[in-house]
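# Summary of the model geometry
One-letter residues, chain by chain:
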Amino acid sequence: MRTFDIVIIGSGIAGGFLARQLRLACPDLGVLVLEAAEAMEDYKVGESTVEVAANYMVRRLNLGTYLYQHQLPKNGLRFFFDSPGKDLPLPRMSEIGSDHMPFHPSFQLERARLERDLVTMNRAAGAEVELGAKVVDVAIDGRGRHTVVYEQGGERREVACRWVCDASGRRHVLFRKLGVKVHKEARLNTAAAWGRYRGVAGLDAVTDAAWRSRARYTSRHLSTNHFMYDGYWIWFIPLAGDLMSVGVVFDKDRIGAGNAPAGALPGPRTRAEFERFLGAHRAARELLEGAELEDFQSYAHLPYHADRYFSTDRYAVTGEAGAFTDPFYSPGSDFIATANEFITQMILSDVRGDRAGFEERVAAYDAYYRFKYDSTLRLYERMYPVFGSFELYRLKYLLDFNNYYNLVVWPFMADRVTDVGWIREELRFTDLVLRALSTMGEHFASLASDLRARGEYFAQNEGRFANGLNGVAQLETRLGPAIDERFRREQVDRAYGSVFAALVERRLGERGLSDRARLVSELPLPQVLVFRDITPERLARLLQRIGERMTKELREELPDAGIERIELGASGVISVTGPAEGTRAHADALSRARALWDASAGSLAHIAL
């Protein structure tokens, strides 16, 4: 029986990346990759990568040259918003996107080609990769060697190993053999259908001069393009060669049969339904004119999770073999990068014979990975009814994008993610983070319902443009190997305060409220969590507290004015009690109070406009 240090089940990007990382990190390790497919030709969804995965591919896997030579650079995420009748031409749709390539690279991956190339690269690096090798049995021995049985070319073969890593995707080979339950996620009820088209002219073929100049002629084609609707979204993702990935993800609770809003189609399940669905949207229909659908796939349900991902019995899962949330922000490859970083560090610790360190890593990494799943899921929970409104989603994206760069990308780039001490510190705030995500989700969903009832849900869906990069411009020179924890905390409070103040302004109709420094400074994250309901009464109490602080400041600044109280009312009304009206003292106090109240917060919600 042949013996290896690690057997990896599956040679998709999760398994292929892991094999490459292990060989680069420790060339003495014996790595065997068992791939059930005879050839790496299967078209897989998950082509779009974001910053964590890109950093992992370039910095950890040394694939930068390969990616720029054989795949496509990505021009960030881009979002378009339509009319209720789904009949706006593309240049008239409101848009969120960049006007230049983002400062951190990311890529669009033609998966089949990349996975074929990974087989070649991994073999050249010393890993053994067996194609047409279907794993039929796994026996885990926590005290000795594991046994993996596979069938290849009509023969049954058996190998021994110290580690088993499952990268088999939704087949869940290892969990099925071990009897580990994979839970169908009930909090987010989404499904997807997608295919690849050949002959799509692409967004850059649109010749409208004003529309092209609005984004400074940057390539919209290279973006992950989202067409946003109430309860679903449509993606257009370019692939190397003459291919375009096009898909639909929909909330079955909102777009399922009998649940769809007036005029909406049921979510597509078959190829014919998929083509009809796309054809009902003017922008998608015009982009696909003359294109040919090459293939079609669908998933009846997207999110799922397990109770455990890494074990001290020396097995682990990566990629979709363990969990999946939603493809909206393209997090799948980020999960792969994180899991592979963890697995590599666990294996290296085990190989060094550091049993205590190994067990410590397994416990910390597993807890953090479960937290990562839960926090990512809450980004999307209750959000599908928000997606169709430019006005609402612009604020949602500001918050999510800022938090992603600050709380996710930065620690990964600084190699903190595998630091057990750092993870323990982060896990102390698990409840705070999850409550923040859920609380903001509730506020967004409530405002969406409110705007829908007012007939204002689609009010800003035509002719608007927001530069998505402006909300993270302050992080561009900060991201790197050194982390500034104070700055990170300030950015969290700034993001939540800016967005929450904008929600309060819109919900209560208090125009001009959201860029007042005095108000935004009173809304750090902990205070936002206390502000459970957006009501006039809650706002009045907040304004009272701000007025009391201004009163104290102005008494110190103008000690002879006789100021008793500064009051802030609805619609920006300010009153000063104490000095008699008409006197110089009253005028000076009122002028100074107004200056304090009118001071700009530099709100992210306004910068991004």
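Source: prediction; values computed, not measured.

Let us look at the pattern of salt bridges. What the rule picks out here adds up to 50 salt bridges. The closest approach of N and O atoms between R111 and E115, which form a salt bridge, is 3.0 Å. Of this pair, R111 and E115 are both found in helix α4 (residues 111-124), 4 residues apart, which corresponds to roughly one turn of the helix. Each member of the pair, R111 as well as E115, is classed as buried. The shortest N-O distance in the salt bridge between E485 and R416 comes to 3.7 Å. Taken together, the positions of E485 in helix α15 (residues 485-508) and R416 in the loop between α12 (390-413) and α13 (420-427) put the pair 69 residues apart, joining distant regions of the chain.

So, about the sheet that holds strand β5 (residues 94-97). Here we have 8 strands laid out as an open sheet, ordered β16-β12-β15-β14-β13-β4-β5-β20, and mixed in their pairing. Two strands bound the open sheet, and with one partner strand each, they are β16 (292-299) and β20 (465-467). Taking each pair of neighbouring strands and ignoring which way they run, the sheet shows an average axis angle of 15 degrees. One ladder, built from 5 bridges, connects strand β4 (residues 77-81) with strand β13 (residues 224-229); its direction is parallel. Within β13, the position partnered with F79 by the bridge is H226. Of the strands in this sheet, β12 (190-198), β14 (232-239), β15 (243-251) and β16 touch helix α8 (residues 271-279), which is tilted by about 110 degrees from β16. Running at roughly 5 degrees to β5, α12 makes contact with β4, β5, β13 and β20 of the sheet.

This part covers the packing of aromatic side chains. Enumeration according to the criterion identifies 41 aromatic pairs in this entry. Where F79 meets F328, the ring centres are 5.9 Å apart and the plane angle is 40 degrees; that geometry is what we call tilted. Of this pair, F79 sits in strand β4 while F328 sits in the loop between β19 (315-317) and α10 (332-351), placing them 249 residues apart in sequence. Each member of the pair, F79 as well as F328, carries the same accessibility label: buried. Consider the rings of F401 and Y405, whose centres lie 4.9 Å apart with planes at 85 degrees: the pair is edge-to-face. Of this pair, F401 and Y405 are both found in helix α12, 4 residues apart, which corresponds to roughly one turn of the helix. Each member of the pair, F401 together with Y405, is buried. Note that R538 overlies the ring of F531, its terminal NZ or CZ placed 4.9 Å from the centroid.

This part takes up the environment of F310. Following the sequence through the fold, F310 ends up in strand β18 (residues 310-311). What makes F310 buried here is its relative accessible area of 0%. When neighbours within four sequence positions are excluded, F310 is seen to be in contact with Y315, A316, V317, A339, F342, I343, M346, V362, Y365, D366 and Y369.

Right, let's talk about the pairing of strand β21 (residues 565-568) for a bit. Only one face of β21 is buried: it carries I566 and L568, and the other face, with R565 and E567, is open. With 4 bridges joining them, β21 and strand β22 (residues 574-577) adopt antiparallel strand pairing. Paired with L568 across the two strands is I574, which belongs to β22.

Since there are 3.6 residues in each turn of an α-helix, residues three or four apart along the chain are aligned in direction. Within α13, burial applies to V420, W422 and I423. Along α13, the residues classed as buried sweep out an arc of 160 degrees about the axis, all on the same side. Residues of α13 that are buried sit in contact with α10, α11 (355-380), α12 and α15. Measuring from the backbone nitrogen of G421 back to the side-chain oxygen at the start of α13 gives 2.9 Å, which picks out D419 as the cap.

One covalent bond between the sulfur atoms of two cysteine residues makes up a disulfide. For the structure on display, the rule yields 0 disulfides. Looking at C26, it has no disulfide partner, and the nearest cysteine sulfur is the one in C165, 14 Å off. Given a relative accessible area of 18%, C26 falls into the buried group. Considering cysteine sulfurs only, C165 is the nearest to C161, which forms no disulfide, with 8.6 Å between them. The class for C161 is buried, based on a relative accessible area of 0%.

Next up on the list: the packing of helix α18 (residues 536-557) against helix α19 (residues 584-598). Contact geometry of α18 with α19 gives a least axis separation of 11 Å together with a crossing angle of 130 degrees. By the criterion of interaxial angle, the relationship of α18 to α19 is oblique. Handedness of the crossing formed by α18 with α19: right-handed. Residues L543, I546, M550, E553, L554 and E557 of α18 touch α19, and the partners they reach there are A589, R592, A593, L596 and W597.

Rules behind the numbers
- Residues numbered from 1 in each chain as written.
- Predicted model: local features only at pLDDT ≥ 70, side-chain atom pairs only at ≥ 80, totals over all residues.
- Heavy atoms only, no water.
- Salt bridge = Lys/Arg side-chain N within 4 Å of Asp/Glu carboxyl O.
- Helix = DSSP H or I, 4+ residues; strand = E, 2+ residues; numbered from the N terminus.
- Buried < 20%, exposed > 50% of the residue type's maximum accessible area, 1.4 Å probe, protein only.
- Pairing = 2+ DSSP bridges.
- Axes fitted to C-alpha atoms, helices over the stretch in contact; angles between N-to-C directions.
- Contact = heavy atoms within 4.5 Å.
- Phe/Tyr/Trp six-rings, centres within 6.5 Å; stacked < 30°, edge-to-face > 60°.
- Lys NZ or Arg CZ within 6 Å of the ring centre and 35° of its normal.
- Arc of directions from axis to C-beta.
- Polar contact = N/O pair within 3.5 Å; in protein donor to acceptor, adjacent residues only side chain to side chain.
- Disulfide = S-S within 2.5 Å.
- Parallel < 35°, antiparallel > 145°, perpendicular 65-115°, else oblique.
- Left-handed = near helix turned anticlockwise from the far one by under 90°.

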